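Observations on the model geometry
The lines below spell out each chain.
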Amino acid sequence: MIKKIQNLLPLVTKPIRYTGGEFNLFPLPIKKNTIKVCLVFPEIYEIGMSNYGLKILYSKLNSYKNTICERSYAPALDFGKKLEEHNLPLFSLENKLPLFKFDIIGFSLHSELNYPNVLYCLSLSKIPLRTEERIHGNYPLIIAGGPCCVNPLPMSPFIDAFVIGDGEEVILEIVDVYRNFKNDKKKLLENLANLEGVYVPLIHNRNKIIRKRYVKELKEEDFPFPPLVPICNIVHDHLTIEISRGCARGCYFCQAGFTNRPLRIRPIEEIKKLAFRAIKATGYEEISLLSFSAGDYPHLPQLLSSLNELLHPYLVAISLPSLRGEDFDEELINQLKFIKRTGITFAPETVSYRLKKVINKEIANEKIIKAVELLIKHNWPGIKFYFMIGLPQEKEEDVKEIGYFLNFLGKIAQRREIRVSISPLIPKPHTPFQFYQFEEKEILQEKIKIIKREVKSKNVKVKYENFAQAEIQAVLARGDEKLAWAIENAYRQQAIFQDWTEHFKYNIWVESFNKNQIDYLSYLKEKKVDEALPWDFIDIGIPKNLLIQNYQKALSLKEEKPNNYLSLTNKTNPNFQPLSFFKPAAPFSHYYKRFRVKFKVGENFRFASHLDLVRAIYRAIRRSGLPVIYSTGFSPRYLVAFGPPLPVGVISESEYLDIFLKIDYNGNLIKDLGDFMPKDLIILDFKEIKNDAPTLGKSIKFLKYEILLDEPQLKKIKLTNIYYARLENQILEVLLPFEPGVKLFPTLSKITNLNEEEVKLFSIKRIEHYLIKNDKLMTPLEDD
Ligand code: SF4
């Protein structure tokens, strides 16, 4: 199976998504009686690998008695197709085990639009889609967790058991129940149904109130350690430390805010300890402090300053994914820009003061403006805003006000770009707005036209959500069991990856609803407060009465307060000037040593891009603690220069880099750096070179490759000796000039008279780099 998968990888986009091999990965051996769990994130690797919840469960399960946990992600369409064509099942990344061989498969339901992807993964795994079809036969137990499970009904025919709420404790209880009843599916489901926070559709059939599970505190031992470091770039490619979970603000539209209560805070000292250990173990260059509302973390400036003090020597940046815009002052900015200016996002949702009250999120516009002024003064890149439309009590004037406000921000920002995302309210279960309607698409379009008309500032870039996509998401979020037929139909009609606008298929959804006589528009309508709602049997710890009271309050608010932010123009501060950019310092030419390092790239990095390789080596340098010289300026970087990029799909016996170290360094880089390199990046040799020696990029003139041909390939090729190419004992040796326009695969295709698809299946190794000195070819380490 592994060989067959390897043969497919060169033919698909980003094969590195399917190879695993992350740093800090130690696949455990599978012994008899070990319970095998596979966690599946039904999205592509780059998105799924960014999910923090999955990392916690992965780490907990792998340290639990007689249990192993592996991972899988939804294959992109091209690889999914290849798997089907070759009749290969979806597999786990660690041991490349088919998913049907696991005992338990756990899906993360993080977005309603991803429901068809769960069926896509089950089908690729050769596992029947519906629970009923799996009752008899030796199939894995299919469980699901994640934010969407607070309304499990639309997916209930496909999932054996749902976890409602935090998963880190209950997942181990599920494993124990499985261990005891694995040979009797009926008893297994009955016993799972007795666990608190677990909904088993076949047993409960929504006749029992299911109380959500939550952990009382964020425990140090639950922090996923050592964190896995992916080889390729992922969406959130940084170390994540959860500084708090839950939010007590109670914005009326926010499902996460209501379903993740209570607020739990991780102490500063523990965060510092985890940050230090995890940076040493990963080499990450950025820490993201995860929380629902970072500004609510008590003593945030102290936390940032102590983290900065601790991590400054390692050039580690700190980012906050969720700021409300209040409490934004000079001190906070100074802490955030200490190492690197990471993007800042504000989510005021609306501008009108009345609507701010209606949604119970009252962030004063004046405070946001002050925050933006400060960011601009500090030359901050990447300021982003989120707004919502389709809110209760929203009038044309409120929508226009978003436009006025954006113009105002545009003016303050001068030429700096302000990015804005506008999405419609999706009234979600378990929020006060669960009773409200999803506004009609046509009206939403009209509102967007108004905003477009009003926004005149060229530096304000507004992005609008696809309303058809939001409409289907709203139907699924507010749905019941009947929708399962439509979800299955949509999946069978290839409506997968529906969170991606380019893959979204509105017509297929509408057809799927109609085919199953589902009046989908009825799910979008306003609900009466005394109406029974499909998700009422899920108890998230907030009484329905409270939600009703909040909703009625929102609808009854009449107060009109004029916005006075327009008085806050820069004119009130005639001396307002952005600070000038710092200039990067000149290189410390007399105070460093320059070393040339030769290293080998093995199978694990075969499909890594040049940038992936560079990132992995930077992280190894950070882990090693080598006294490396770094640049100054906005984003300090280690001074390391790499040789010609290695083509994707090729391994290498000899790659080179130059590294600049402090003048007093006299160590052995094979050990000092080599011991911290990821598997299959091996330091082979090094030597000190002159500080003013030509760069690798300028001096390399030729690259030598070796290709091992199998019998069928050997028979097919017709060698054309365009460049230096020699064939001996099934090994084709090729010497290519390193110059623009000479690309490996097209050139090999010309030399062998095979097409590029066939050439990509060659087993290719880069053997050496050459420069020319005194008319002789020389390797970079022979140069002096
Ligand atoms: S929108 Fe933010 S501040 Fe409001 S409840 Fe949700 S997480 Fe909390």
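Scoring rules and cut-offs
- Residues numbered from 1 in each chain as written.
- Predicted model: local features only at pLDDT ≥ 70, side-chain atom pairs only at ≥ 80, totals over all residues.
- Heavy atoms only, no water.
- Helix = DSSP H or I, 4+ residues; strand = E, 2+ residues; numbered from the N terminus.
- Rg over C-alpha atoms; globule rule 2.2 N^0.38 Å.
- Buried < 20%, exposed > 50% of the residue type's maximum accessible area, 1.4 Å probe, protein only.
- Contact = heavy atoms within 4.5 Å.
- Areas by Shrake-Rupley, 256 points an atom, 1.4 Å probe, with all protein chains shown as cover.
- Lys, Arg positive; Asp, Glu negative; His and termini not counted.
- Charge placed at Lys NZ, Arg CZ, Asp CG, Glu CD.
- Phe/Tyr/Trp six-rings, centres within 6.5 Å; stacked < 30°, edge-to-face > 60°.
- Lys NZ or Arg CZ within 6 Å of the ring centre and 35° of its normal.

By the naming in an unreviewed UniProt entry, the protein is TIGR03960 family B12-binding radical SAM protein, taken from candidate division WOR-3 bacterium.

Here the focus is the overall build of the protein. A tally of helices and strands in the protein yields 27 helices and 26 strands. Against the globule reference of 28 Å for 784 residues, the protein gives a C-alpha radius of gyration of 29 Å, in line with a compact fold. Seen through its principal axes, the protein has C-alpha atoms that stretch 90 × 75 × 50 Å. The burial tally for the protein puts 58% of its 784 residues in the buried class. Sequence-distant contacts, at least 24 apart, represent 78% of the contacts inside the protein between residues at least 6 apart. If you sum the accessible surface of the protein, you get close to 33,400 Å²; carbon and sulfur atoms cover 52% of it. Side chains of the protein give 111 positive and 95 negative charges; the mean places of these two sets differ by 1 Å.

This part takes up the packing of aromatic side chains. Under the criterion given, the structure shown has 22 aromatic pairs. Their ring planes at 70° and their centres at 5.9 Å tell us that Tyr120 and Phe497 sit as a pair that is edge-to-face. With Tyr120 in helix α5 (residues 115-124) and Phe497 in the loop between α19 (483-492) and α20 (506-515), the pair connects residues that are 377 residues apart, well separated along the chain. One exposure class covers both Tyr120 and Phe497, and it is buried. Ring geometry for Phe435 and Tyr551: centres 5.4 Å apart, planes at 40°, overall tilted. Of this pair, Phe435 sits in the loop between β15 (418-424) and α17 (441-454) while Tyr551 sits in helix α21 (residues 544-556), and the two are 116 residues apart along the sequence. Given the relative accessible area of 2%, Tyr551 is considered buried. Of the aromatic side chains, those joined through ring pairs into one cluster are Phe346, Phe385, Phe387 and Phe405. Geometry around Phe225 places Arg277 over its ring, the cationic atom sitting 3.9 Å from the centre.

This part is about unusual backbone geometry. Here Phe225 and Pro226 are connected by a cis peptide whose omega angle stands at -10°. Looking at the element boundaries, Pro226 is found in the loop between β7 (210-211) and β8 (239-242). With omega at 0°, the peptide bond leading from Arg261 into Pro262 counts as cis. Of note, Pro262 is situated in the loop between α10 (255-259) and β10 (264-265). At Lys14, a residue that is not glycine, the phi angle is positive and equals roughly 45°. With respect to the helices and strands, the residue Lys14 is situated in the loop between α1 (2-8) and β1 (35-41). A relative accessible area of 35% means that Lys14 is categorised as partly exposed.

As a further point, take the environment of Leu425. Within the secondary structure, Leu425 sits in the loop between β15 and α17. Residues within four places of Leu425 in sequence aside, it is in contact with Phe253, Met388, Ile389, Gly390, Leu391, Pro392, Phe433, Tyr436 and Phe438.

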